[in-house]
Each structure stands twice: as structure tokens, then as C-alpha cells.
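Coordinates in review
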Amino acid sequence: MNAPDKVVPIEPAPVEEVSLYEIRKKIHPRAVTGWFATLRWAAVAFTQLIFYGLPWLMWNDRQAVLFEIGARKFYIGGLVFWPQDVIYLTVLLLIAAYSLFLFTTVAGRLWCGYACPQTVYTEIFLWVERKVEGERAARIRLDAAPMSAAKFGKRAAKHAIWIAIALWTGVTFVGYFTPIRELVRGIPFGLGGWETFWILFYGFATYGNAGWMREQVCKYMCPYARFQSAMFDKDTLIIAYDTVRGEPRGARRKKIDPRAQGLGDCVDCGICVQVCPTGIDIRKGLQYECIGCAACIDGCDQVMGKMGYPKGLIRYVSEHGLEQGYDRAAMLRRALRPRVLVYTAILIAIIAAAGFSLASRNPLKVDVLRDRGALAREAGPGVIENVYRVQIMNTDETPRRFTIEASGLPGLEVVGVEQPVAVDAAGSRLVPLRLTVGAEAAPPGTHKIELRVRAVDDAKVARDERTTFILPRP
Ligand code: SF4
Ligand code: SF4
């Protein structure tokens, strides 16, 4: 009998722990100059001029843009919006959504790269960081250095400036909801609870997101990065590295002919990675972390310029453009594809309809409520009375006087209200009134009638509101 084979115990495979949490590597983006950096700063200036400046503009002795939630009135220039105008908010959101679809389909993450508050404030906070702590290399050294008086001083100065910017951003934000002049004057004497809460909340969010979280917000918190790919197609302009031209990459002396050495145009300097605010290497292809800021284009163009190579190794290009070698004109022609034209047509139609509706908007709004406590009663021999409450809202900037008439039944009369009814500028007034009619004017039952409210000084400012009149059985 053969001896049994020796049993070799199977060694358990080493257990490799896979962390679901990626430890953050701090990114120190290198400063970059160039066409797209200028464009980004222009976007920062434009958006922040609007954000910080708008609440200080005045219009007819009041703040030009003010969302008075307590009074349920929104002022935008000469327009006053009431809760009944919520449709305009819906239209505004639609326009914003369609614009985002359109711009993303044409040129990828333009919003993220140039106008998103996260990008804009990160850019501002980074600028402060550079001014206080120095350029990329100095910041890396400072990070690695042990705490000292100099390091503490720089850190304290940086955070103090960040906090000041963040708090002023919070004040400005609250200034859209409460008159900003009063708000700022009130700061030394203490503000109300809600105002204090929202200033600190918004300020803290700005400080945390732009100072500390930075690219983490784009990578892990922003949902837009995740679903934008649904809006991309092969003709969408993206920021991409031209692999055919760039590879094989490698360091070389300036004077040599790279083709003779079997090299592409990428000198593997790593500048495109160093300037990237999300720390990715665009040479690895399109990645969801890329916010489309174009810093790598500027960085690489500078390198190409120094080497004497044509610019555009990293550039705005479509996938089709890269594959087929389209020139700029061909790519622009393909930008006008059916999907883009449909988005554009819908966007123009919505904007035109909203513009027309706003321009022809009636500054008078009327709500008629029947008094539910008393449906109908006898006001005298053979006279029936119904009671109503009429809310007259004057959304104009001038006070107005209104008359109220009723029609729909023979001999229907408005009583119990002194006419004309005066309503303040951008004000509303609740008017209790009674309508009377002869008991024989119509058969018993519910009858449709109309109330017409009309401005004394302008017959075009009028509203007809339908309601009912009840004639009881005798
Ligand atoms: S900046 Fe340009 S040349 Fe330098 S590594 Fe990036 S792609 Fe290559
Ligand atoms: S890869 Fe280029 S475009 Fe994308 S985030 Fe980095 S620097 Fe900006």
C-alpha cells in the first residue's frame, strides 16, 4: 500500500484591508497665468461684483433687490413679486436648468470651472493663501515645518482674512433678506437671533468649503459632477490631453528634435498636475474630478511656449475632434447639433415667454373670498345679501385708488364699502364688502357673478374675478 501523500496545509491568503475612506492628500495648487486664468478671474470679479454690490443698490428709496420673507414680498428693481407670482420662480429655475443643460452639452463643466461659488470662493481664498504663505513650494515647506512663531503668525493672518471674507459674505447674503444698510448699522449694537444665525451659518459654510474642504466638495459632495456625464456626448468640448501628440512623454533638452528621439511633445514636467486644483493628472483621460477650470491648459501652454512647440497639447476639444483630428472650425460646426439646437430653442422660448409675461404683467392682483360664516341672509324686505372679503394687492410703486363693481345678476350692488378704496404702493388691503340683490332677481340657487376691481387713474389696471352669489329658497 502506498503511503498517503503528504497533506500540505493551505496558507490563508493575507487579508488586505481595503479602506472605504480615502485619506486626503493636501493639494497646494501652483499659481498659473494665461488666457483662461484671466477669464476665471474675470468671472470671479463679475459674479462677486453682482453678489456683494447688488444689495447696496437703491430703487425709489428702497433696496433694489430685497426678498422680504416676513412681508412675503420680493423686490427686484421696479418689480414687486408676491406669493401669487411663484410661477416666475418656477420659470427662473427652468431657465437655470436649461442653461446648465445647454452649456454643459456644448462645453462641459463651464459652470464648475468659472462661475460655481465653490470655484469662485476657493479661488479667492487661495489667492489670500498665496499672498500670506507664499507660492506652492513655500506653502509645502510651511506645512512640513514644525510650529514656530513665524508659522503661527502666517496661519493666524490667513485665517483672520478668511474669516473676515466669510463673515462679510454672510452679511451680504442676509442683506438680500433684510435691508442691508440697517443690518450693517445694527452690527455694533447686536443683531436679532435669525440674522446672527444666518450670518454665522453662511459665513461658516464659506470658510469651511473654500478654506478647508475645497476640492473635496467637488469630488464627494456635489451631485452635479455625478450626473453631468448624462449631458455629454462625443461632440461636447472637454479639456483633454492630446495623447497622439504628447506620447511617448519624456524629459529632453530644448534644442533636440523630439521625433528624432522617438518622443512626443509632453516633456513630463508635471506642471499640469501642479496647477490642478483637484490634484488630478489630465493625461490619464477624462475624470469626474476634473472641474473644467482650464488651469492645466494655461500651465501646459506656457511649457509649450518655452519649448518652442505649438500650444494646445492640453486644450478644449471634443472626443470626436481628438479621434478625427477636427480643426476648431469643424468642432464649432458640430457644436450646432440637433440636441444643442433643441435646448437653445426651448431656452429662447421660455425666456421670451417669461419676458413677455413680465412686460405685460398686471400690477393689480385680487383675491375674492366668500364669507363662509354667512352664506346668504335677508338684508331687508325682499333684499338678499352675501358677504365677501376682497384682497386688493397693488404691486406698483405708486399708491392707487380702486373702485369695485359687481355684475352677473340684475340689480346687483356693492354696499358696505367706502369707494374708491385706497391701497398703498406695493401694498395690499383686505376689504370686507356686501353684495345685495332683489330676491326676485333670479331663481333660488348659486349664481355665477363677477367682481371688477379697477384703478381710478388707469382703466387698463383692472381685474375681473369670478365668484358666486347664493339666493336662498324663500
Ligand atoms: S504640462 Fe504639458 S508638457 Fe508638462 S507634463 Fe503636463 S502635458 Fe506634459
Ligand atoms: S484637470 Fe485641468 S481642467 Fe480639470 S480640474 Fe485639473 S486643472 Fe482644471
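Heads up: these notes are all about the structure in this document. (Residues numbered from 1 in each chain as written. Chains lettered and ligands numbered in written order. Predicted model: local features only at pLDDT ≥ 70, side-chain atom pairs only at ≥ 80, totals over all residues. Heavy atoms only, no water.)

If you walk across this open sheet you meet the four strands as 13-11-15-16, and the pairing is antiparallel. Each edge of the open sheet is held by one strand with a lone partner, namely strand 13 (421-423) and strand 16 (462-471). Within the sheet, the average angular offset between the axes of one strand and its neighbour, ignoring direction, is 30°. Of the strand pairs in this sheet, strand 15 (residues 445-455) and strand 16 are connected by 10 bridges, and their pairing is antiparallel. Within the sheet, the bridge partner assigned to Lys448 lies in strand 16 and is Thr468. (Pairing = 2+ DSSP bridges. Helix = DSSP H or I, 4+ residues; strand = E, 2+ residues; numbered from the N terminus. Axes fitted to C-alpha atoms, helices over the stretch in contact; angles between N-to-C directions.)

By nearness alone, 13 residues border ligand 2, and Cys276, Cys290, Cys293, Ala294 and Cys296 come closest of all. The residue inventory of the shell around ligand 2, partitioned by class, reads 11 nonpolar, two polar and no charged. (Near = heavy atom within 4 Å. Nonpolar A, V, L, I, M, F, W, Y, C, P; charged D, E, K, R; others polar.)

Take a nonpolar patch on the surface next. Nonpolar side chains collect at one region of the surface, where Val86, Leu89, Leu92 and Leu93 lie side by side and expose about 400 Å² of accessible area between them. Checked against the element boundaries, Val86 lands in helix 2 (residues 86-107). (Patch = residues over 30% accessible without salt bridge, like charges linked within 9 Å, V, L, I, M, F, W, Y side chains within 5 Å. Areas by Shrake-Rupley, 256 points an atom, 1.4 Å probe, with all protein chains shown as cover. Salt bridge = Lys/Arg side-chain N within 4 Å of Asp/Glu carboxyl O.)

Turning our eyes to something else, we now look at the environment of Asp424. For Asp424, the position within the fold is in the loop between strand 13 and strand 14 (427-438). Linking Asp424 and Tyr88, residues 336 residues apart in sequence, is a C-alpha distance of 23 Å. Asp424 has contacts with Asn394 and Pro399, leaving out every residue within four places of it along the chain. (Contact = heavy atoms within 4.5 Å.)

Close to ligand 1 lie Tyr241, Cys266, Val267, Asp268, Cys269, Gly270, Ile271, Cys272, Arg283, Cys300, Met304 and Ile314. Elements with a contribution of two residues or more to the shell around ligand 1: helix 12 (271-274) and helix 13 (295-307). In terms of residue class, the shell around ligand 1 is made up of nine nonpolar, one polar and two charged.

Before going further, it helps to spend a moment on the nonpolar core. The biggest cluster of nonpolar side chains holds 34 residues, and the ones touching the most others in it are Ile239, Ala294, Cys296, Ile297, Ile314 and Tyr316. Only helix 1 (35-53), helix 3 (110-115), strand 6 (238-241), helix 12, helix 13 and strand 7 (314-317) provide two or more residues apiece to this core. Tallying contributions element by element places helix 13 first for this core, with seven residues. In this structure Tyr316 touches Phe36, Ala107, Leu110, Tyr114, Leu237, Ile238, Ile239, Gly292, Ala294, Ile297 and Met331, once residues within four positions along its chain are discounted. Grouped together as the second largest cluster of nonpolar side chains are 27 residues, Leu364, Ile384, Val390 and Leu433 included. (Core = buried A, V, L, I, M, F, W, Y, C linked by side-chain atoms within 4.5 Å. Buried < 20%, exposed > 50% of the residue type's maximum accessible area, 1.4 Å probe, protein only.)

Once that is clear, we can look at the environment of Phe177. Mapped onto the elements of the fold, Phe177 is located in the loop between helix 6 (149-174) and helix 7 (180-186). For Phe177 and Leu126, which are 51 residues apart along the polypeptide, the C-alpha to C-alpha distance reads 29 Å. Residue contacts for Phe177: discarding those within four places in its chain leaves Leu66, Phe67, Glu68 and Ile69.

For the rest of this paragraph, the subject is the packing of aromatic side chains. Applying the stated rule across the entire model yields 19 aromatic pairs. On the numbers, 6.3 Å between centres and 70° between planes, the contact of Trp162 with Tyr207 is edge-to-face. Of this pair, Trp162 sits in helix 6 while Tyr207 sits in helix 8 (residues 193-213), and the two are 45 residues apart along the sequence. An identical accessibility class is assigned to Trp162 and Tyr207; each is buried. Arranged with centres 5.7 Å apart and planes meeting at 20°, the rings of Phe197 and Phe201 form a pair that is stacked. With Phe197 and Phe201 both in helix 8, this residue pair falls four residues apart, about one helical turn. Given the relative accessible area of 41%, Phe197 is considered partly exposed. Judged by its relative accessible area of 45%, Phe201 is partly exposed. It is Arg361 that lies over the ring of Phe81; its NZ or CZ is 4.7 Å from the centre. (Phe/Tyr/Trp six-rings, centres within 6.5 Å; stacked < 30°, edge-to-face > 60°. Lys NZ or Arg CZ within 6 Å of the ring centre and 35° of its normal.)

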